[in-house]
Each structure stands twice: as structure tokens, then as C-alpha cells.
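# Tertiary structure, described
Residues per chain are reported as follows:
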Amino acid sequence: MSLKADVDEPVEQIRDKMLEAHLPLIRQAAEKGVQVLCFQEIFTLPYFCPSQDRRWYKAAERVPCGFTTRKMQELAEKYRMVIIAPVYEQTMAGVYYNTAVVIDADGSFLGKYRKTHIPQVAGFWEKFFFKPGASNWPVFQTRYAKVGVYICYDRHFPEGWRALALNGAEIIFNPSATVAGLSQYLWELEQPASAAANGVWIAAVNRVGIEVPWNIGTFYGSSYFVNPWGQIAARASEDLDELLVHDLDLSLIPEARDSWQFFRDRRPEQYGRLTQCE
């Protein structure tokens, strides 16, 4: 989804325009029988982290009692659809997280995942806006599948993919806001490798377009599903507002794991160095 408002508009107005733009695609998803639906990172707002403007703190919402979560609960219940809604969360004055809310197909709030790894480089001043999450790799038993979430920059860290898989995730969603340039070649490298290494389905979700006034690059879309063998099974365009739908055959998970036996052959007792603090 591309940005549907001017960034100078009131934050509530931006949110409402983005929600309105998503509604037809949500209805389309319901008509196509979609069971689990995920939006892009902070889907009701621009990717405001190229700035260091405190006005965006006003866009943060409480979870689960905030406006966007409540609206998504209504839609999840209406369409009997699991919804993963990435939002900007406030827990108290001055404390904010990059969060994904997970709502079951009856509209019930299952929980949330907070982005664990927070970048702080030119164009991505995320530490100004987000506190690092410590969600302990939650996996949500939804009506249709066991679902995990890993947000954008998280994808560069293999430990979280493995932790989510060990906790039982069958499908891991990676809502993102990533632009063409340095990391684009990794977009179709890391998630397929992680899907194969862990024997899970991964859904990589990215926004599209250029967002002014920051102009940090083109959000290149290219959302896709990758199966437990590491093969990209369905792919969206680079530049269109688009719903990507694909049937995820969960029987491929034991098939891939029984073939590769990575979980049998892993040696966690040898990995202590990986968690030692320097």
C-alpha cells in the first residue's frame, strides 16, 4: 500500500485515510476466502523514521484499547479472518514500540509482538521513535494456523526466526518498510534462507511508492510467500496497491523438516558464545 495522505495533515486524518484505503482490499480478501491477513509495517502511517520529528509521537495508540486495534477486531469478527495489524504503540508517556497486533478470527485479541531489533542509521532513525521490544518470541494459536511475527529489520537476525520456529510457528509474517538500495538484494535472500533453515512458511510484506518530503528511496513492494523448502511461491508487484493471496500447504512443514533434519542435527549446547555479552 502506498501513502494516501500528505504528511502535514493531522495524524488522525492520515490514519483514517490509510484505513479507508485498506478497506476495499480487506473486503476483497474476505471474498477470496483469506484466513490470515497481514498488513505492512505501521500500516496506518507513513514511514516517518527518516525524520526526528516529535509530532509523530501523537500517532501512537494504546494496544489493545486503541482505535486501530478495535477497528481491526470488528473486521476480523465480521469476516472470520485472522488479522495481523502492525501499529505504532504507546504504553505510557514517552514509551513507544513498533508493534504487531494479532487478532483471531472471532475478533479476540490474542496478543502482540514488539520489534526486537531497532536500527539507527541515516534515513532510519528508529531509536528516536521506538523502544526495543522483548516479547520472548510469541507464537499465536489462531483458528487456522500457528502464527509468528518478525518486523522489518528483525529479518537480518537469524536467531529470531529460529526462536519462533522452535516455539511452534508454522507461518511467520515479516511486515516491512524497506526501500531500494543497499538491502534490496537481501529481500529475496534472507527470508527464503530462513524459511528453508527453519522449515516454515514466511510471508514478506513491503509497502510501495515514494514518501515525501523525506524521499529516502522507493518502497519497492515485491511482497511474497516463501515455502518451507525456501522456494518463493507467490509474489506481488513492485509498485501497486495490491492484495497477494496464496494457499499455504502446512503439510510441507513436516515434509521439509523430515528431509533436511536441521532440528535433529542442531547443537545448541555448542552455541553458548552466541548469547555471551561482550
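Structure shown above.
Where helix α1 (residues 11–31) meets helix α2 (residues 67–79), the axes come as close as 12 Å, and the angle between the chain directions of the two elements is 15 degrees. Here α2 runs roughly parallel to α1, going by the angle between their axes. α2 is crossed by α1, and the crossing has right-handed handedness. Across the interface between the two elements, Arg15, Asp16, Leu19, Leu23, Ile26, Arg27 and Ala30 of α1 pack against Phe67, Thr68, Met72, Leu75 and Tyr79 of α2. Here the contact of α1 with α2 is built from residues that sort into eight nonpolar, one polar and three charged.

Within the fold, lysine 115 resides in the loop between β4 (109–114) and β5 (120–121). Looking at lysine 115, its side chain comes within polar contact range of the side chain of glutamate 41, at 3.0 Å. Those residues in contact with lysine 115 that lie beyond four places of it in its chain are Glu41, Asn98, Glu126, Lys131, Pro132, Gly133, Ile151, Cys152, Tyr153 and Asp154.

Attention now moves to the sheet that holds strand β8 (residues 146–149). Spatially, six strands are ordered β7-β8-β9-β10-β13-β14 in an open sheet, and the strand pairing comes out mixed. The open sheet terminates on both sides in strands that have one partner only, identified here as β7 (140–141) and β14 (232–235). In this fold helix α5 (residues 190–198) packs onto β9 (171–176), β10 (201–206), β13 (224–226) and β14, with an angle of close to 30 degrees to the strand it touches most, β13.

Between the first and last C-alpha of α2 there are 19 Å, a value that for 13 residues agrees with the 18 Å anticipated at 1.5 Å per step. Just downstream of α2, arginine 80 is the residue with a positive phi angle, here 50 degrees.

This next bit is on the sheet that holds strand β1 (residues 36–38). With mixed pairing, the four strands of this open sheet are ordered in space as β1-β2-β3-β4. Two strands lie at the open edges of the sheet, namely β1 and β4, each paired on one side alone. Neighbour-to-neighbour, the strand axes of this sheet turn through a mean angle of 35 degrees, independent of strand direction. Both strand β3 (residues 95–103) and β4 contribute to a ladder of five bridges, which runs antiparallel. Bridge pairing in β4 links isoleucine 103 to phenylalanine 109.

All right, on to the packing of aromatic side chains then. Scanning the entire structure with this criterion turns up 22 aromatic pairs. Their ring planes at 15 degrees and their centres at 5.8 Å tell us that tyrosine 57 and phenylalanine 128 sit as a pair that is stacked. Within this pair, whereas tyrosine 57 is found in the loop between β1 and α2, its partner phenylalanine 128 is found in the loop between β6 (124–125) and β7, the two being separated by 71 residues in sequence. Through pairs of rings, three or more aromatic residues link up here, namely Phe48, Trp56, Tyr57, Tyr88, Tyr96, Phe128, Phe129, Phe130 and Trp214. Directly above the aromatic system of phenylalanine 219 lies the positively charged group of arginine 207, at a separation of 5.7 Å from the ring centroid.

Turning our eyes to something else, we now look at unusual backbone geometry. A cis amide bond links valine 63 to the next residue, proline 64, at an omega of 10 degrees. Relative to the helices and strands, proline 64 is located in the loop between β1 and α2. Cis peptide bonds are those with omega within 30 degrees of zero, and the linkage from valine 212 to proline 213 qualifies with 10 degrees. Tracing the backbone shows proline 213 in the loop between β11 (208–209) and β12 (219–220).

The next subject is the pattern of salt bridges. Pairing is possible between side chains that carry opposite charge, provided their charged atoms lie close to one another. This structure, assessed with the given rule, holds 12 salt bridges. The partner of lysine 17 in a salt bridge is glutamate 9, and the shortest N-O contact between them spans 2.9 Å. According to the relative accessible area criterion, glutamate 9 is buried, its value standing at 13%. Close ionic contact of arginine 15 with aspartate 16 constitutes a salt bridge, the shortest N to O distance being 3.0 Å.

Here is what the cut-offs are and how they apply
Residues numbered from 1 in each chain as written. Predicted model: local features only at pLDDT ≥ 70, side-chain atom pairs only at ≥ 80, totals over all residues. Heavy atoms only, no water. Axes fitted to C-alpha atoms, helices over the stretch in contact; angles between N-to-C directions. Helix = DSSP H or I, 4+ residues; strand = E, 2+ residues; numbered from the N terminus. Parallel < 35°, antiparallel > 145°, perpendicular 65-115°, else oblique. Left-handed = near helix turned anticlockwise from the far one by under 90°. Contact = heavy atoms within 4.5 Å. Nonpolar A, V, L, I, M, F, W, Y, C, P; charged D, E, K, R; others polar. Polar contact = N/O pair within 3.5 Å; in protein donor to acceptor, adjacent residues only side chain to side chain. Pairing = 2+ DSSP bridges. Expected span 1.5 Å × (residues − 1). Phe/Tyr/Trp six-rings, centres within 6.5 Å; stacked < 30°, edge-to-face > 60°. Lys NZ or Arg CZ within 6 Å of the ring centre and 35° of its normal. Salt bridge = Lys/Arg side-chain N within 4 Å of Asp/Glu carboxyl O. Buried < 20%, exposed > 50% of the residue type's maximum accessible area, 1.4 Å probe, protein only.

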